[in-house]
Amino acid sequence: MINVTAAIIKDEHNRILIARRRPGKSLAGFWEFPGGKIEEGETPEESLARELKEEMNLVVRVGAFVGENLHHYEGFSIRLMAYLTEIMAGEMQLTDHDQVDWVTVEEMERYSLAPADVPLVSMLRISDD
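Note that the structure is predicted; figures quoted are calculated from it, not measured. Just so you know, the residues in each chain are numbered from 1, in the order the chain's sequence is written. Where totals are concerned, whole chains, interfaces and linings use all residues; where local detail is concerned, this predicted model gives features only for residues with pLDDT of at least 70, and gives and counts side-chain atom pairs only at 80 or more. Remark: hydrogens and water are excluded; side-chain values derive from all non-hydrogen atoms of the structure.

Nonpolar cores are built from buried Ala, Val, Leu, Ile, Met, Phe, Trp, Tyr and Cys residues. Side-chain atoms within 4.5 Å join them into one set. Classification of residues uses two cut-offs on accessible area relative to the type maximum, computed with a 1.4 Å probe and protein chains only: under 20% is buried, over 50% is exposed, and between them is partly exposed. Ranked by internal contacts, the top residues of the largest apolar core, which has 20 residues, are I16, F33, L80, M108 and L124. Listed by contribution, the elements that provide at least two residues to this core are β1 (2-9), β2 (16-21), β6 (76-89) and α2 (118-128). Discounting chain neighbours no more than four positions away, the residues touching F33 are A6, A7, I8, I16, L17, I18, M108, D117, L120, V121 and L124. The next biggest cluster of nonpolar side chains, apart from the first, holds twelve residues, and it includes A19, M56, L58 and V62. In this text, helices come from DSSP runs of H or I with a minimum length of four residues, and strands from runs of E with a minimum of two, each type numbered from the N-terminal end. Any two residues having at least one pair of non-hydrogen atoms within 4.5 Å are treated as being in contact.

Note: two strands are recorded as paired if DSSP finds a minimum of 2 bridges between them. Ordered in space as β4-β1-β6-β5, the four strands form an open sheet in which the pairing is mixed. Edge strands, defined here as strands with exactly one partner in the open sheet, are β4 (35-37) and β5 (59-73). Neighbour-to-neighbour, the strand axes of this sheet turn through a mean angle of 20 degrees, independent of strand direction. Against the sheet, helix α1 (residues 44-56) makes contact with β1, β4, β5 and β6, and its axis sits at roughly 115 degrees relative to β4, the strand it touches most. In this analysis, axes come from line fits to C-alpha atoms, helices being fitted only over the stretch in contact, and the angle between any two N-to-C directions falls in the range 0 to 180 degrees.

What follows covers the pairing of β1. Of all eight residues making up β1, six are buried, and the element is well covered by its neighbours. Sheet topology places β1 next to β6; eight bridges connect them, and they run parallel. Within β6, the position partnered with I2 by the bridge is I78. Two strands pair when backbone bridges link them, and β1 and β4 are joined in this way by three bridges, in the antiparallel orientation. Pairing of A6 across the sheet is with G35, part of β4.

The subject of this paragraph is unusual backbone geometry. If you check the backbone angles, N14 has positive phi at about 65 degrees while not being a glycine. Relative to the helices and strands, N14 is located in the loop between β1 and β2. In the Ramachandran plot, N57 falls in the positive-phi region, its phi being about 60 degrees despite a non-glycine side chain. With respect to the helices, strands and loops of the structure, N57 is situated in the loop between α1 and β5.

What follows is the structure in structure tokens.
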């Protein structure tokens, strides 16, 4: 089981940041909530802050836990843990992604989300009600 974090970053219009995995990466072309693998000795919050700095050049504050999803891909399984996250500083520069978009929860169904991320959309829909 690989432990992975995901950032739920909202803008002033209540839109959420999603990012498309660039060619050459696993799950290339799929959209996801940005984040990454938890390294040994890290908390999920520390991992999320590190990953967003490495992958997007963003300094963030990690907030409340939103929820998690266990997903089984062919050959491996992940535990995806999502946290509300706020951008504090930095100008976005992409390394693992080739595109980002700010979308509402309703608009997410138009995107090919990574399978592990799909259940998080339902959690966000419930939390918006």
